[in-house]
Amino acid sequence: FQVTFGSRLLGGDYEYSRYLLQVESAFSLLGHLRLQGAVGAVQGSAPFFERFYGADWSYFAIGPAVGRALELNFSTDSRYDAFLAMAGVEYAIPLWGSGGFFKRGYLALGARAVQTTGALGGARTPFSRSPLSADIALRFDTPVGVFNLSAGYILDNFL
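Residues numbered from 1 in each chain as written. Predicted model: local features only at pLDDT ≥ 70, side-chain atom pairs only at ≥ 80, totals over all residues. Heavy atoms only, no water.

Below, the discussion takes up the environment of Ala-61. Position of Ala-61 relative to the elements: it lies in the loop between strand 3 (32-44) and strand 4 (83-97). In this structure Ala-61 comes out as buried when scored by relative accessible area, which is 0%. Separated by 71 residues in sequence, Ala-61 and Leu-132 have C-alpha atoms that sit 8.6 Å apart. (Helix = DSSP H or I, 4+ residues; strand = E, 2+ residues; numbered from the N terminus. Buried < 20%, exposed > 50% of the residue type's maximum accessible area, 1.4 Å probe, protein only.)

Below is the structure:
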């Protein structure tokens, strides 16, 4: 659970609060099953970078929204919303485990549903023509972090 406050009383330029609850649970079922969920809300006059950009929470978006690369947004859709709901499931199949640089490899299959709105009780913001997205990825565990070759990310750049 994450809470962020901004206030002129604290020396800031914005008056807002941001709430984000993320939940993940993993199970071992002939591989690795991971359930994901997130809900978030922003109150007040938060800057755009504290609001929710739907494409950041999807594997890919169909339409003008594209995910960020290196925290830069090259999308023609600059809509950032006040409310977020995301649910996802991912299944990772182990491919190998070794002692080298690529310690483990997985084939990951995932699906997510994302909804963002600009106002409480408002209609879904059409950041994408579909609230559903899926992914097939090859993941590598290394001593410096996880590397991900994602079909969803590649597809995102062409849709």
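Past the structure itself, the notes keep going.
A separate point is the nonpolar core. Listed in full, the 11 residues of the largest apolar core are Tyr-16, Leu-20, Ala-38, Val-42, Ala-46, Phe-52, Trp-57, Ala-82, Leu-84, Met-86 and Val-114. Those elements that place two or more of their residues in this core are strand 2 (16-28), strand 3 and strand 4. If near-sequence neighbours (up to four positions away) are discounted, Val-42 is found in contact with Ser-17, Arg-18, Glu-50, Arg-51, Phe-52 and Ala-82. (Core = buried A, V, L, I, M, F, W, Y, C linked by side-chain atoms within 4.5 Å. Contact = heavy atoms within 4.5 Å.)

For the rest of this paragraph, the subject is a nonpolar patch on the surface. A surface patch of nonpolar side chains, amounting to about 900 Å² of accessible area, comprises Phe-1, Val-3, Phe-5, Leu-9, Leu-10, Leu-21, Val-23 and Val-39. Mapped onto the nonpolar patch, the elements with two or more residues apiece are strand 1 (2-6) and strand 2. Assignment of secondary structure puts Phe-1 in the segment before strand 1. The exposed category is assigned to Phe-1, whose relative accessible area is 70%. (Patch = residues over 30% accessible without salt bridge, like charges linked within 9 Å, V, L, I, M, F, W, Y side chains within 5 Å. Areas by Shrake-Rupley, 256 points an atom, 1.4 Å probe, with all protein chains shown as cover. Salt bridge = Lys/Arg side-chain N within 4 Å of Asp/Glu carboxyl O.)

Tallied over the full model, the rule gives 7 aromatic pairs. Through pairs of rings, three or more aromatic residues link up here, namely Phe-48, Phe-49, Tyr-53 and Tyr-80. Residue placement shows Arg-112 over the ring face of Tyr-59; its charged tip is 4.5 Å from the ring centre. (Phe/Tyr/Trp six-rings, centres within 6.5 Å; stacked < 30°, edge-to-face > 60°. Lys NZ or Arg CZ within 6 Å of the ring centre and 35° of its normal.)

It is worth spelling out the pattern of salt bridges at this point. Summed over all chains, the structure comprises 5 salt bridges. A salt bridge links Arg-18 to Glu-50; the nearest nitrogen and oxygen atoms lie 3.7 Å apart. Of this pair, Arg-18 sits in strand 2 while Glu-50 sits in the loop between strand 3 and strand 4; the two residues are 32 residues apart in sequence, bridging distant segments of the chain. Grouping residues by exposure puts Arg-18 and Glu-50 together as buried.

This next bit is on the environment of Gly-31. Tracing the backbone shows Gly-31 in the loop between strand 2 and strand 3. For Gly-31 and Leu-107, which are 76 residues apart along the polypeptide, the C-alpha to C-alpha distance reads 9.7 Å. Among all residues touching Gly-31, those that are not within four sequence positions of it are Tyr-91, Ala-92 and Pro-94.

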